[in-house]
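Chains, contacts and geometry: an overview
Here is what each chain is made of, one letter per residue.
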Amino acid sequence: MNSFIYSGLPSRVVFGAGSVRQLAAEVQRLGGKRVLLICTPGRAEMAGTLAGDLPIAGVFDKAVMHTPAERVEEARKQAKTSKADCCVVLGGGSTIGFGKAIALTSGLPIVAVPTTYSGSEMTTIWGISEGGAKKTGRDPKVLPKAVIYDPELTLGLPPAVSAASGMNAMAHCVEALYAHDGNPIVSLMAEEGIRALASALPKIVLNPKDPEARSDALYGAWLAGSTISTTSVALHHKLCHVLGGFGLPHAETHAIVLPHAVRYNNDAAPEAMARIRKVLGVSEASAGIYDLEKRLGIPLKLADIGMQEADLERAAKIAAEAPYPNPRKVEYEPVLKLLRDAYEGRRPARPVFVE
Ligand code: NAD
């Protein structure tokens, strides 16, 4: 076994059907007496049913995608004027992003109730958009102090959103398997996360109200978030970050790019590929992921989610000029080929970039 460093992050997880009923107790455990409840307009009704049990100081129901700086300022102001001493975030990665933005400057503790599979609730990573660019960073202050995973809250998450969000989580696991600062414990979680997601997502697409599949998918999302909380992400996340700058939707972009990023790294990360093959029961990791996504019925082409062909070269250039550490060297031409394949939604066959 190679040498490694493992550091676990302090977070508390309450998991299970109906566990949201423990929300008030979790807030109390943190000493919260004035809660700012944060959600998107879409989750406002769900938030209303939770608010009854909480010592509410205010409700900010204007969370939106991409955590734009002006909206973040509004939320921070409300946290201050309402004298909140705790944030409860109910929703997907977008909503959790608002709680993190508040915690970043105020240090307020967060109790997260995730309703998608982004995994953001388990990480110290924050992101705020301004002037068309998203600034990101890591800060322990933004890590939720407690996370409540209640699969019952996800029964209404539409199948297409569930599938794309679940593949976003799987991307965290995949990159953790070949992270330069990975370790055997994180790899265990990553492998188990891929297994749980690959088993749950097809069942959710067939029957979105399948309680066991919903539970497995949330478990996979928890593991996925945990894997990237202490390891570095690589080419795949870099590309998705760059493509996000072109206005592409977050989870769908992750889903489309993942099989191609895996193929790119195939020869350079043999142990990770062997784990992915084993857990998916396939003979080739990238094609196995692509075939799973085809079964899920999610978009397979960047062309179908708003990417312009004319922007592919610029995207490849940005990614190659400031790469994240990656098992295989990040170079313009092969990255452009990867993006072209993702643009056209080609099924990755045998790895083509043998060095
Ligand atoms: P999202 O939060 O925007 O939610 C996706 C859609 O699902 C929205 O339309 C939302 O209204 C809807 N929705 C959420 N819960 C629902 C429910 N229970 N029932 C019905 N509909 C529901 O998307 P996301 O993919 O969860 O998060 C994406 C954002 O999270 C991005 O901004 C991304 O950068 C960020 N993110 C951050 C991290 C991190 O570690 N910081 C990790 C992953 C993603």
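Higher on the page you've got the structure.
The paragraphs below set out a description of the structure included in this document. (Residues numbered from 1 in each chain as written. Predicted model: local features only at pLDDT ≥ 70, side-chain atom pairs only at ≥ 80, totals over all residues. Heavy atoms only, no water.)

**Concerning unusual backbone geometry**
- In this model, histidine 66 sits at a positive phi of 70°, which is unusual for a non-glycine residue.
- Judged by its relative accessible area of 34%, histidine 66 falls in the partly exposed class.
- Phi is positive for threonine 67, close to 35°, though the residue is something other than glycine.
- Among the structural elements, threonine 67 can be located in the loop between β3 (56-60) and α3 (69-81).
- Judged by relative accessible area, which is 4%, threonine 67 ranks as buried. (Buried < 20%, exposed > 50% of the residue type's maximum accessible area, 1.4 Å probe, protein only. Helix = DSSP H or I, 4+ residues; strand = E, 2+ residues; numbered from the N terminus.)

**Quick word on the pattern of salt bridges**
- Under the defined criterion, the tally for this structure stands at 18 salt bridges.
- Glutamate 191 is the salt-bridge partner of arginine 275, the closest N and O atoms lying 2.5 Å from each other. In this pair, arginine 275 is assigned in helix α10 (residues 270-280) and glutamate 191 in helix α6 (residues 184-206), connecting sequence segments 84 residues apart.
- For lysine 317, the salt bridge identified is with glutamate 321, shortest N-O distance 3.3 Å. You can see lysine 317 and its partner glutamate 321 sitting in helix α12 (residues 312-321), four residues apart, about one turn around the helix.
- The class for lysine 317 is partly exposed, based on a relative accessible area of 47%.
- Under the relative-accessibility criterion, glutamate 321 is labelled exposed at 58%. (Salt bridge = Lys/Arg side-chain N within 4 Å of Asp/Glu carboxyl O.)

**Things to note about the pairing of strand β7 (residues 133-138)**
- One ladder, built from six bridges, connects strand β6 (residues 125-130) with β7; its direction is antiparallel. Note that in β7 the partner of glutamate 130 across the bridge is alanine 133.
- Here β6 hands over to β7 after two residues, with glycine 131 in that stretch at a positive phi of 55°. (Pairing = 2+ DSSP bridges.)

**Remarks on the site of the ligand**
- In the vicinity of the ligand, 21 residues are found, and the nearest of them are Gly93, Ser94, Thr115, Thr116 and Thr123.
- In the environment of the ligand, a nitrogen atom lies 3.4 Å from a nitrogen or oxygen atom belonging to the side chain of serine 120.
- Between lysine 134 and the ligand, the recorded distance is 3.0 Å, taken from a side-chain N or O atom to an oxygen atom.
- The fraction of the free accessible surface of the ligand (860 Å²) that becomes covered by protein chains is 80%.
- For the shell around the ligand, the secondary-structure elements that each account for two or more residues are α4 (93-106), α5 (159-177) and α9 (250-265).
- Considered class by class, the residues forming the shell around the ligand number seven nonpolar, 11 polar and three charged. (Near = heavy atom within 4 Å. Polar contact = N/O pair within 3.5 Å; in protein donor to acceptor, adjacent residues only side chain to side chain. Areas by Shrake-Rupley, 256 points an atom, 1.4 Å probe, with all protein chains shown as cover. Nonpolar A, V, L, I, M, F, W, Y, C, P; charged D, E, K, R; others polar.)

**Brief notes about the sheet that holds strand β8 (residues 146-149)**
- Strand order across the open sheet formed by six strands is β1-β8-β5-β4-β2-β3, with parallel pairing between neighbours. Two strands bound the open sheet, and with one partner strand each, they are β1 (12-15) and β3. On average, each strand axis in the sheet is tilted by 15° relative to the strand beside it, whichever way the strands run.
- Looking at chain direction, strand β2 (residues 35-38) and strand β4 (residues 86-91) are connected through four bridges and run parallel. Paired with leucine 37 across the bridge in β4 is valine 88.
- Lying over the sheet, α4 contacts β2, β3, β4 and β5 (110-114), oriented at roughly 165° with respect to β4.
- Here helix α7 (residues 211-230) sits on the sheet in contact with β1 and β8, set at roughly 170° to β1. (Axes fitted to C-alpha atoms, helices over the stretch in contact; angles between N-to-C directions. Contact = heavy atoms within 4.5 Å.)

**Considering a nonpolar patch on the surface**
- Together, Met1, Phe4, Tyr6, Ile185 and Leu188 make up a nonpolar patch on the protein surface, roughly 570 Å² of accessible area in all.
- With respect to the helices, strands and loops of the structure, tyrosine 6 is situated in the segment before β1.
- Given a relative accessible area of 41%, tyrosine 6 falls into the partly exposed group. (Patch = residues over 30% accessible without salt bridge, like charges linked within 9 Å, V, L, I, M, F, W, Y side chains within 5 Å.)

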